[in-house]
Amino acid sequence: MLKTLEIENIAVIEKTTVDFSSGLNVLTGETGAGKSIVVDSINAILGERTSRELVRHGAENAYVSAYFEDISDNVKNVLNQLGFDAEEDNSLLITRKISVSSKSSCRVNGKNATVSMLKTIGAALVNIHGQHDSQELLNPDCQYKYIDMLFDDDTALKEYKASFKELIAVRRKLKTLTGDETDKERMLELLDYQIKELEDADIQIGEREKLSSRRDLINRSEAIAAAMNKTLSAINGDDEISGVQSVLNDCCNSLSAFDETKDISEIFADVNDRIETAKDGIEKLFSVIDYDPGELEQIEERLDLLYRFSNKYGSSEEEMLDFLAKAKEQRDSIVYSDRELEQLNADYDRLFEQTVDLAQKLSDKRKTTAKQFEKSVKAELAFLDMPKLEFVVDFRKGNLSSTGFDKVEFLISTNPGEPPKPLAKIASGGELSRIMLAIKNILSYNDTIGTLIFDEIDTGVSGRASQKIGLKLKAVSKNTQVICVTHSAQIASNADKHFLIQKDIDSDRTITKVTPLDFEGRKKELARIMGGLEITDTLLRSAEELLKSN
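J.: How do you make sense of unusual backbone geometry when you look at a structure like this?
T.: The phi torsion of most residues other than glycine is negative, and most of the peptide bonds are trans. Even without glycine at this site, N90 takes up a positive phi of about 60°. The residue N90 is located in the loop between α2 (73-81) and β5 (92-99) in this model. On the basis of relative accessibility, which here comes to 24%, the residue N90 falls in the partly exposed class. Of note in this structure, D202 is not a glycine but carries a positive phi near 50°. Position of D202 relative to the elements: it lies in the loop between α7 (181-201) and α8 (207-219).

Shown next, in the form of structure tokens:
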């Protein structure tokens, strides 16, 4: 559940901490006091899109943090899949910073996270029910989801989706293979040209590097040869001047005659041996730098070809050869497409029949579940002072899609004897709020979400119906933490913890505060909600009676 929410510099909230309890938490306050800011702050923690306009005027950054206790195994699995570790005490801390001048940043248990990660984690933590849910409830394209959420076993749904996915994959391959014959011929002609060009080139991995090195050596060969000839002249000497090697031999012979200079003689002998080794190296290098005048031209032509191929087939020899292999594979697939086409048609027929059968099983399961769903909704609505409302889940058969072939639509009849009509056409705002609460209450039994948030669910509802909604929210909160933003005294009187959201003026600046109320504070707030600006003794007594009755 959501234990602590800290808000700093969000809209007109400078800084506040809200400590929620288990059970039913209620937020009340005058219109415009900032109740929606608290919900917006929770939405920010849940990874919803935020705006820099949320940052309080004059501040550079805004911060929201949410501390959750007793997270479920489902939340732990989500955390593990995203690379986060759950704390040993099953707690979770999520923080988000919203900046005016830079990107927002997010952290999960102290580790950096992305907004999309927050959204994935938030979907397992909190469910916010407000106007968006009402719009989704009115959309026939979304109503099947409520039935699917009640499945005790989703095997039928998973099997159908897997089969449909496989069917679509085969259909795409068929579409590719049954393309225009002219396009096939054109493609074959291009592939044959590319394959021949690459095969004729006989590309070898690493040859460009070797050729470039050889070219550089040839280009420097004259300078290298001149340096080596100069070195050999110095070593060997000529008719006029003795070479280094001859001089060293004379020194070695002279010094070797005396015992006292024998060690020095050996040093000269060693130097002479190393010079001989150097001469051998020079002779070998002469053979390496020796080249045919046409070799450089051949190297340049080959490097030019490899350069042109790198622009067409891949930057490296490996990529060019990979292109060749794929081109051969693509050509074979076209050449042998008739045989493959025959197999794919057989696979498609088999998969289509299989998918239709699975769609029928899924539909049967939905219809069975829908019957019980209808009874449950009617029972919930009877408690919420709508005992005569008829609720029907209508099924029509449509085309196969990723969700089956069912066209599901919720129908209601608010007056006895009137035929049921689409929910979107005849439900009033107050009726829709109660229908949504009834459905959400039913779904909560199958839901692992730890916190439910109802944002002004009392819109269009008053009196006895509000009291019933309050009792229903209270019942739901026995198993799941509930946070409710409301304008209804009847709903607020059922709270386990009541927060007042109010605006104050401090140094010519508007500041919103969130204050937990004690019994006396709750009594005054309920009296304000019931009576408006003037709070009379009669209103206070009525508020006290309402609180005590709950």
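J.: Mind showing me how you'd approach the sheet that holds strand β1 (residues 2-10) here?
T.: Within a sheet, each strand pairs with its neighbour through backbone hydrogen bonds, oriented either parallel or antiparallel. The strand order β2-β1-β4-β5-β6-β7 describes an open sheet built from 6 strands, whose pairing is antiparallel. Each end of this open sheet is capped by a strand with a single partner; those strands are β2 (13-19) and β7 (111-113). Across the sheet, the mean angle from the axis of one strand to that of its neighbour is 15°, orientation sign disregarded.

J.: Could you clarify how one ought to interpret helix α12 (residues 293-313) in this entry?
T.: Because an α-helix packs 3.6 residues into every turn, residues spaced three or four apart end up facing the same way. Here α12 contains 21 residues, and its C-alpha end-to-end distance of 31 Å stays within 8% of the 30 Å for a straight helix at 1.5 Å per residue. The complete set of buried residues in α12 reads I299, L303, L306, F309, S310 and Y313. Angular distribution of buried residues about the axis of α12 spans 125°; they occupy a single face of the element. Residues of α12 that are exposed and point more than 90 degrees away from the buried face comprise P293, E297, Y307 and N311.

J.: Looking at this structure, I do not really get the nonpolar core. What am I missing?
T.: Most often, soluble globular proteins have nonpolar side chains that are buried together. If you look at the biggest cluster of nonpolar residues, it comprises 60 residues, and the most contacted ones within it are L137, F373, V393, F410, I439 and L473. Setting aside anything within four residues of it in sequence, one finds I439 in contact with L137, Y146, F373, V377 and F410. Counting 44 residues, the second largest nonpolar core, distinct from the first, contains L118, I121, L125 and I453.

J.: It is not clear to me how the packing of aromatic side chains should be interpreted in this structure. Could you clarify?
T.: The geometry of an aromatic ring pair is captured by the separation of the ring centres together with the interplanar angle, meaning the angle of the planes. Counted under the stated rule, the structure contains 9 aromatic pairs. Relative to F499, the ring of F20 lies with its centre 5.5 Å away and its plane at 65°, an arrangement referred to as edge-to-face. Highlighted residues: F20 in the loop between β2 and β3 (24-28) and F499 in strand β14 (residues 497-506), separated in sequence by 479 residues. Since its relative accessible area comes to 1%, F499 is described here as buried. On the basis of an interplanar angle of 25° and a centroid distance of 5.9 Å, the ring pair of Y160 and F164 is categorised as stacked. Placement of both Y160 and F164 in helix α6 (residues 155-177) is noted, with a separation of 4 residues, approximately one turn of the helix. Here Y160 and F164 have matching classes, each one buried. The residue whose ring lies beneath K468 is F383, and the NZ or CZ to ring-centre distance is 5.0 Å.

J.: How should the side chain of R96 be read in this particular structure?
T.: Structurally, R96 is set in strand β5. E48 provides the closest opposite charge to the buried, salt-bridge-free R96, at an N-O distance of 8.0 Å. For R96, the side chain forms a polar contact with the side chain of T50, separated by 3.3 Å.

J.: Just checking my understanding: could you explain the pattern of salt bridges for this structure?
T.: Should their charged atoms come close, side chains of opposite charge can pair. Scanning the model with the defined rule gives 26 salt bridges in all. With a closest N to O distance of 4.0 Å, R350 and D347 form a salt bridge. Highlighted residues: R350 and D347, both in helix α14 (residues 337-383), separated by 3 residues, approximately one helical turn. For R350, a relative accessible area of 44% corresponds to the partly exposed category. Where R528 meets E525, a salt bridge forms, and the shortest distance between an N and an O atom there is 2.7 Å.

Rules and cut-offs
- Residues numbered from 1 in each chain as written.
- Predicted model: local features only at pLDDT ≥ 70, side-chain atom pairs only at ≥ 80, totals over all residues.
- Heavy atoms only, no water.
- Helix = DSSP H or I, 4+ residues; strand = E, 2+ residues; numbered from the N terminus.
- Buried < 20%, exposed > 50% of the residue type's maximum accessible area, 1.4 Å probe, protein only.
- Pairing = 2+ DSSP bridges.
- Axes fitted to C-alpha atoms, helices over the stretch in contact; angles between N-to-C directions.
- Expected span 1.5 Å × (residues − 1).
- Arc of directions from axis to C-beta.
- Core = buried A, V, L, I, M, F, W, Y, C linked by side-chain atoms within 4.5 Å.
- Contact = heavy atoms within 4.5 Å.
- Phe/Tyr/Trp six-rings, centres within 6.5 Å; stacked < 30°, edge-to-face > 60°.
- Lys NZ or Arg CZ within 6 Å of the ring centre and 35° of its normal.
- Lys, Arg positive; Asp, Glu negative; His and termini not counted.
- Salt bridge = Lys/Arg side-chain N within 4 Å of Asp/Glu carboxyl O.
- Polar contact = N/O pair within 3.5 Å; in protein donor to acceptor, adjacent residues only side chain to side chain.

It is worth stressing that arrangement in space is one thing and function is another; only the former is reported here.
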